[in-house]
Amino acid sequence: MNGIIVYGTCYGSAKKYSDELSRRTGEKCVSYKDAGDLASYDRIVYIGSLYAGGVLGMAETLGKLADWQTKQIVIATVGLADTTDAENIANIRKAMQRQLPEGMMEHAKLVHLRGGIDYSRLGMKHKVMMGLLVQKAKNLPPEKKTAEVRAMIDTYGQIVDFVDLSRVDELL
Ligand SMILES: Cc1cc2nc3c(=O)[nH]c(=O)nc-3n(C[C@H](O)[C@H](O)[C@H](O)COP(=O)(O)O)c2cc1C
């Protein structure tokens, strides 16, 4: 089977998972920005980081794919929030549904991975966004503080790394 790994990252977490998968499978991995035409591949693994609910580069990459029903597709998200939390997974999937062609999410294998954050490396736009999001999150009533919201508040300003390369097994 002719496969490729495509990733969408800003700070490298999604690339770490992609590099490890590439190392294990021998398949090449590329940024979605350089992926080009994927028509000749039978198996596509897309690993994209979560930014305000969106999976970076996923819609651009998989949205333009023709004949996807004939291909094996694996989509992995990489985010800060706890991926053992059912509500978090449901929220991620609800947002993905809006970003993908109809039926693709049901056709694909889905995996939800954790990344990390280093506030000292964030660009100005992301720093401002996180500041505003965390301010808003702190004012939410306890019942509205989902795993995603709690992860944002708990890690604000810090360096955290939840990347777990052993989970790459789930993408094979
Ligand atoms: C502006 C901004 C928005 C984010 N939104 C989410 C989110 O909606 N859900 C989530 O789980 N993580 C969110 N994160 C955390 C990133 O997904 C996490 O840091 C990830 O590891 C980044 O991946 P990368 O290093 O591949 O870019 C956000 C981070 C930033 C800076």
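Each chain carries its own residue numbering, running from 1 in the direction its sequence is written. Per-residue local features of the predicted model are confined to residues with pLDDT of at least 70, and side-chain atom pairs are confined, for both listing and counting, to 80 or more; whole-chain, interface and lining totals are unaffected and use all residues. In computing side-chain properties, one takes all heavy atoms of the structure into account and sets aside hydrogens as well as water.

Draft legend 1. Summary view of the layout of surface pockets. Both cavities and pockets are sets of points on a 1 Å grid over the protein atoms alone; in a cavity a 1.4 Å probe fits but cannot get out, in a pocket the set is open with protein on both sides within 12 Å along at least five of seven lines, and lining residues sit with an atom within 4 Å of a point. Grid points are joined across faces, edges and corners, and a volume is the space filled by probe spheres set on the points. When its volume is computed, the largest pocket comes out at roughly 1200 Å³. Here the residues of the lining of the largest pocket are counted per class, giving 23 nonpolar, 15 polar and 10 charged. Basically, the charged four are Asp, Glu, Lys and Arg, the nonpolar ten are Ala, Val, Leu, Ile, Met, Phe, Trp, Tyr, Cys and Pro, and anything else, Gly included, counts as polar.

Draft legend 2. Region of the structure containing the pattern of salt bridges. Salt-bridge detection follows one rule: a side-chain nitrogen of Lys or Arg within 4 Å of a carboxyl oxygen of Asp or Glu. Taken as a whole and judged by the stated rule, the model has eight salt bridges. Here D19 makes a salt bridge to K15, at a shortest N to O gap of 2.9 Å. Taken together, the positions of D19 and K15, both in helix α1 (residues 13–25) and four residues apart, correspond to about one turn of that helix. A residue is classified by how much of its surface remains accessible, and D19, at 33% relative accessible area, is partly exposed. For D169, the salt bridge goes to R24, with nearest N and O atoms at 2.3 Å. Taken together, the residues span a long stretch of sequence, with D169 in the segment after β8 (159–161) and R24 in helix α1 at a distance of 145 residues. Note on classification: 1.4 Å probe, protein chains only; a residue is buried when its accessible area is under 20% of the maximum for its type, exposed when over 50%, partly exposed between these limits. Look at D169 and you get partly exposed, because its relative accessible area is 46%. You can call R24 partly exposed: its relative accessible area is 34%. A single network of salt bridges, built from pairs that share partners, joins E20, R23, R24 and D169. The numbering of helices and of strands both runs from the N terminus, where a helix is a DSSP run of H or I of at least 4 residues and a strand a run of E of at least 2.

Draft legend 3. Structural context of helix α5 (residues 124–138). Expected helix span is computed as 1.5 Å times (number of residues minus one). With 15 residues, α5 extends 21 Å from end C-alpha to end C-alpha; this agrees with the ideal 21 Å at 1.5 Å per step. Where α5 is concerned, the buried positions are H126, M130, V134 and A137. Buried residues of α5, seen end-on, are gathered within an arc of 65° and therefore sit on one face of the element. The exposed set on the far side of α5, more than 90 degrees from its buried face, consists of M124, K125, L132 and K136. Among the structural elements, β3 (43–51), β7 (116–118) and α6 (147–155) are those in contact with the buried residues of α5. The directions from the helix axis to the C-beta atoms form the arc being described. In what follows, residue pairs with any heavy atoms lying within 4.5 Å of each other are defined as contacts.

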